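Listed here are the chains, written in short residue letters.
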Amino acid sequence: MKQLIQKLTETFSPSGFESAIREVIKQEVQPLADEVRVDALGNLIVRKGAKAKNGKRIMLAAHMDEIGLMVSHIDENGFIRFSSIGGIRTGGLLSGRVQFTNGTQGLIGVERDLFAVKSPTFSQYYIDVGATSAKNCPVKIGDVAAFKRPFLELGQRLVAKSMDDRIGCVVLIEALRALKTSPHELYFVFTTQEEVGPRGAATSAFGIDPEIGLAVDVTLTGDTPKSKYMAISLGKGPAVKIKDTGMLADQHIVEWMCSTAEKKRIPYQREVLDGGSTDAMAIQMTRSGVLAGCLSVPCRYVHTPSEMVDYEDVQNSVKLLVALISAPVNL
Amino acid sequence: MPTIGNAQLKLLEKLCNACAVSGDEGEVRSIVMEEIKDHTDEVRLDAVGNVLATKKGSGKSPSTSLRTSQSHLRVMLTAHMDEVGFMLVADDGEGLFRFETVGGMDVRQLPGKAVVVGREHVPGVIGARPIHLTTAEERKQKISLDALRIDIGPGTTKVKPGDWATFATRFQRSGPSVLAKALDDRLGVATLIELIKHAPPEIDLLAAFTVQEEIGLRGSRVAAYTFNPDIGIALDSTPANDLPDWEGEENITYNTKLGLGPAIYVADGSTISDPRLVRWLAETGTASKIPYQFRQPGGGGTDAGAIHKTRGGIPSISVSVPHRYTHSAISIARIDDWKNTLSLLQAALANLSPDLLATERA
């Protein structure tokens, strides 16, 4: 599974430009699926199984896009100004390395102002790709880049760019692999444009019209020095989302997830997230409404080039997801 | 081939001088209906006030990978009829009215502007205390909306709270330029009317003249649900902030520049354009030698923001005519940019093949 995490996190696919990651995931899921298709917004939709008498139509969503940068201007000396795709934190920008979808690499610099007292604003950063003029700059307005950082194992902890939400994609793929039987018609959906939306989840949910929707995404933690208080830590198990800024999880879903974890003796944490939301928010509001919830993988340093998860949490997330979708659901 | 001549400029004049603040689009709607009625296969007015017009094509069946089973590629084009403006909210007596802004407006630009109020275009002014009676200190302060009134003078019973108001600016031509209020998005409306009159033969053209774009892409959301098209294209107008930087440095936040042709969107705050459509428009421009520019990616939004998320998802893009000083009492645009916008769309729609959507989105 670690190899798969490395493969997925080292692929470059910012929101709206997911074809590279979609191909990687497609290779993984093709042999495991009953049906694989790509919809108008580029969502990869993988069906497994059919509805038995006691089964339901369930949509599982992990977003395959990542935050990124888009070229907005190239100045006469070849320096690139950029706009953000998704919630980029300026704190993680300086000296960062980026890679464009055409392979061009560069680093992020910042305007030097010796008298500056405030931290630089977003518009003061630029990308240097080694060009010396606008003419010989190998990218153009509208081209996109993502952070470039190699996957890293630090004991039990795994670090990479785009853990948000490639780790969710890994959980979905591994759950699909581990699944033996299920009474449900299952849709494993690798969604697009979550970081700017959630847009892909909205349209794929409309197409699938599920009875239950479950997002698998990362969540923040409260376990680092002076972090904002949050009762989520790495290594204490997957988190069952109760609330975030965009969604109140259905209470039956929460109960189903918690009781399943307890029955299977899988550690879990109850999550109340004060900032951000997931694909579940869009799924919940689709058509005439869908029972929705979210299984979260705790993650430190979210939306920076080095996002950290705990390997045991990831394994337990797979176990919990498999347990959830293997048995009939009575809500 | 359609182009921009005197007749088109006359139509733009009529459209810009009409008053149609979000929620009260009737004046522009009447002009649109009159213009297109002899050129469409079907026109209807939907529940929120959008004008939905269909012009059927004779094209070949699209490839089987398309999600619809329609016999033609169905392309929805939108232009929003509404403009930013004001709504009167309270009568202070003696012809003075408190008001709210409708759509994104910079309050600093409002004092001293002439307005027209209500269906009968009653003239008024957003008053400001004259320089004689203000102190130097006061003149440094920002004026809040609460402190402003629309003054129509006493003696009329034609105006009441709930009425809309907009700038009283009249359309003008000046050499290569047009100056008017509401170029956002009457330029798009005029373009779409021309496209209907000279519709590309192969495709089904689904034209939506939408309402309430400026207050949240509301009309286009339901219009896209109704049409359920294969492709969505928003025709809009976008700011050109292309003046030289006053500090003498390179202007890096111009959004678009006047004179460089239609602005193709790669991404804005509401949509990441379908890369297949970006390529299609850019390649058409290059092949047909029609100038175009990429709008700087960033914030803002168009009807495409609502269209692409409709139902199971619709590949969408926006194309805008650049103009300076948008959402103010008067903006300025280049006639050539408008002409090239129309040419680019006409050329692109003429060469549009269902194969474009046969490959997966990049």
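In this text, all values refer to a predicted model and were calculated from it rather than measured experimentally. (Residues numbered from 1 in each chain as written. Chains lettered and ligands numbered in written order. Predicted model: local features only at pLDDT ≥ 70, side-chain atom pairs only at ≥ 80, totals over all residues.)

A closer look at the overall build of chain A
Item 1. Summing up its helical and strand segments, chain A has seven helices and 17 strands in all.
Item 2. Here chain A has a C-alpha radius of gyration of 20 Å; the compact-globule value for 331 residues is 20 Å, and the two agree.
Item 3. With the C-alpha coordinates aligned to their principal axes, the bounding extent of chain A is approximately 65 × 40 × 40 Å.
Item 4. Looking at the 331 residues of chain A, the share that counts as buried comes to 54%. (Helix = DSSP H or I, 4+ residues; strand = E, 2+ residues; numbered from the N terminus. Rg over C-alpha atoms; globule rule 2.2 N^0.38 Å. Buried ≥ 20, exposed ≤ 12 C-beta atoms within 10 Å, placed from the backbone.)

Things to note about the nonpolar core
Item 1. Membership of the largest hydrophobic core comes to 124 residues, with the highest contact counts inside it found for A:Ile80, B:Val75, B:Ile150, B:Val189 and B:Leu192.
Item 2. Not counting chain neighbours up to four residues away, the residues in contact with B:Val75 comprise B:Ile203, B:Asp204, B:Leu205, B:Leu206, B:Pro229, B:Asp230, B:Ile231, B:Ile233, B:Leu349 and B:Leu352.
Item 3. Membership of the second largest hydrophobic core comes to 72 residues, among which are A:Val46, A:Leu60, A:Ala280 and A:Val302. (Core = buried A, V, L, I, M, F, W, Y, C linked by C-beta atoms within 7 Å. Contact = placed C-beta atoms within 7 Å.)

Considering the packing of helix α3 (residues 183–197) of chain B against helix α7 (residues 335–350) of chain B
Residues and elements named next belong to chain B.
Item 1. The contact between α3 and α7 brings their axes to 10 Å, and the two run at 40°. With respect to each other, α3 and α7 are oriented oblique. In this structure, the crossing between α3 and α7 has a hand that is right-handed. Residues Leu 187, Thr 191, Glu 194 and Leu 195 of α3 form the contact with α7, whose own contacting residues are Trp 338, Thr 341, Leu 342, Leu 345 and Gln 346. (Axes fitted to C-alpha atoms, helices over the stretch in contact; angles between N-to-C directions. Parallel < 35°, antiparallel > 145°, perpendicular 65-115°, else oblique. Left-handed = near helix turned anticlockwise from the far one by under 90°.)

Describing the packing of helix α5 (residues 251–263) of chain A against helix α7 (residues 311–326) of chain A
Residues and elements named next belong to chain A.
Item 1. Close contact between α5 and α7 brings their axes to 10 Å; oriented N to C, the two are set at 110°. Judged by the inter-axis angle, α5 sits roughly perpendicular to α7. Crossing of α5 against α7: the hand is right-handed. Contacts between α5 and α7 pair Met 257, Thr 260 and Ala 261 from the former with Leu 320, Ala 323 and Leu 324 from the latter.
Item 2. For the contact of α5 with α7, the residue count by class is five nonpolar, one polar and no charged. (Nonpolar A, V, L, I, M, F, W, Y, C, P; charged D, E, K, R; others polar.)

A look at the domain arrangement of chain B
Many analyses report the size of an interface as the accessible area lost when the parts associate.
All names here are of chain B.
Item 1. Domain boundaries in chain B define domain 1 (6–83 + 181–357) and domain 2 (85–167).
Item 2. When each unit is reduced to the centre of its C-alpha atoms, the spacing between domain 1 and domain 2 is 32 Å.
Item 3. Listed by partner, the interface residues are 11 residues for domain 1 and 12 residues for domain 2.
Item 4. Classifying every residue of the side of domain 1 that touches domain 2 by side-chain character gives four nonpolar, three polar and four charged. (Domains from an automatic or database assignment.)

Re the sheet that holds strand β11 (residues 177–180) of chain B
Residue and element names in this part refer to chain B.
Item 1. Spatial ordering of the open sheet is given by β10-β11-β17, a layout of three strands whose pairing is antiparallel. The open sheet has two edge strands with one neighbour each: β10 (172–174) and β17 (331–334). The mean inter-strand angle of the sheet, taken between neighbouring strand axes irrespective of direction, is 25°.
Item 2. Here β10 pairs with β11 via three bridges, running antiparallel. Considered in β11, the bridge of Gln 172 is made with Leu 179.
Item 3. Along the sheet, α7 contacts β11 and β17; its crossing angle with β17, the most-contacted strand, is approximately 60°. (Pairing = 2+ DSSP bridges.)

Here's the deal with the interface of chain A and chain B
Item 1. Opposite the 25 residues of chain A that make contact, chain B presents 21 residues.
Item 2. For the side of chain A that touches chain B, the secondary-structure elements that each account for two or more residues are β4 (68–74), β5 (80–85) and α4 (200–208) of chain A.
Item 3. Within the side of chain A that touches chain B, the residues separate by chemical class into nine nonpolar, 11 polar and five charged.

Section: the pairing of strand β9 (residues 164–167) of chain B
Item 1. When strand β4 (residues 85–93) of chain B meets β9(B), the two strands line up antiparallel, connected through two bridges. By the bridge assignment, B:Met87 is partnered in β9(B) with B:Trp164.

With respect to the sheet that holds strand β17 (residues 307–310) of chain A
Adjacent strands of a sheet form backbone hydrogen bonds with each other and so pair up, either parallel or antiparallel.
All names here are of chain A.
Item 1. The antiparallel open sheet is built from three strands, whose spatial order is β10-β11-β17. Bordering the open sheet on either side are β10 (152–154) and β17, each of which pairs with just one other strand. Looking at each pair of strands side by side, their axes are set apart by 25° on average, direction ignored.
Item 2. Bridge count between β10 and strand β11 (residues 157–160): three bridges; the pairing is antiparallel. If you follow Glu 153 over to β11, its bridge partner there is Leu 158.
Item 3. Against the sheet, α7 engages β11 and β17, with an angle of about 65° to β17.

Comments concerning helix α1 (residues 6–17) of chain B
All names here are of chain B.
Item 1. With 12 residues, α1 extends 16 Å between its outermost C-alpha atoms, agreeing within 8% with the 16 Å of an ideal straight helix rising 1.5 Å per residue.
Item 2. Here α1 has its buried residues at Gln 8, Leu 12, Leu 15 and Cys 16. With its buried residues spanning 95° around the axis, α1 presents them on a single face. Summarising the geometry of α1, the exposed residues directed more than 90 degrees from the buried face are Asn 6, Ala 7 and Lys 10.
Item 3. At its buried positions, α1 is contacted by α2 (26–36), β11 and α3. (Expected span 1.5 Å × (residues − 1). Arc of directions from axis to C-beta.)

Side note on the domain arrangement of chain A
All names here are of chain A.
Item 1. You can read the domains of chain A as domain 1 (2–66 + 150–326) and domain 2 (68–147).
Item 2. Of note, the centres of domain 1 and domain 2, computed from C-alpha atoms alone, are 30 Å apart.
Item 3. Between domain 1 and domain 2, the residue contacts involve 11 residues of the former and 13 residues of the latter.
Item 4. Of the residues belonging to the side of domain 1 that touches domain 2, the class tally is five nonpolar, three polar and three charged.

Some points on the environment of A:Val309
Item 1. As for its placement among the helices and strands, A:Val309 is situated in strand β17.
Item 2. If we skip the residues at most four places from it in the chain, A:Val309 touches A:Leu158, A:Met163, A:Ile167, A:Leu234, A:Val297, A:Pro298, A:Cys299 and A:Val314.

Structural notes on the environment of A:Leu176
Residues and elements named next belong to chain A.
Item 1. Here Leu 176 is to be found in helix α3 (residues 163–178).
Item 2. Placed 28 residues apart in sequence, Leu 176 and Ser 204 show a C-alpha to C-alpha distance of 19 Å.
Item 3. Setting aside its immediate chain neighbours within four residues, Leu 176 contacts Val 29, Leu 32, Lys 48 and Phe 188.

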